[in-house]
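Okay, here's what each chain looks like letter by letter:
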Amino acid sequence: MSTTVDRWAWLVIAAHTQLSLARPLVADLRHSRERPAEPNRLTPARVRRR
């Protein structure tokens, strides 16, 4: 059981690291009615929009 927990913990750490490193690569995709966000403050919904 502890091996499984360790694997999940490392998986979450790796995913978080990848997302943190990719943050500067995404654009702020906002609707015209929305205010611009701070440079380092993007929400998942604003990044996911197309």
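Our structure's up above, just so we're on the same page.
Residues numbered from 1 in each chain as written. Predicted model: local features only at pLDDT ≥ 70, side-chain atom pairs only at ≥ 80, totals over all residues. Heavy atoms only, no water.

Student: Quick question: what am I supposed to make of the overall build of the protein chain here?
Tutor: Broken down by element type, the protein chain carries two helices and zero strands. Every one of the 50 residues in the protein chain was classed for burial, and the buried ones make up 4%. A total of about 5000 Å² of accessible surface is found on the protein chain, and carbon and sulfur atoms cover 60% of it. (Helix = DSSP H or I, 4+ residues; strand = E, 2+ residues; numbered from the N terminus. Buried < 20%, exposed > 50% of the residue type's maximum accessible area, 1.4 Å probe, protein only. Areas by Shrake-Rupley, 256 points an atom, 1.4 Å probe, with all protein chains shown as cover.)

Student: Explanation requested: a nonpolar patch on the surface in the structure shown.
Tutor: The grouping of Trp8, Leu11 and Val12 at the surface amounts to a nonpolar patch, some 340 Å² of accessible area in total. For Trp8, the position within the fold is in helix α1 (residues 2–22). (Patch = residues over 30% accessible without salt bridge, like charges linked within 9 Å, V, L, I, M, F, W, Y side chains within 5 Å. Salt bridge = Lys/Arg side-chain N within 4 Å of Asp/Glu carboxyl O.)

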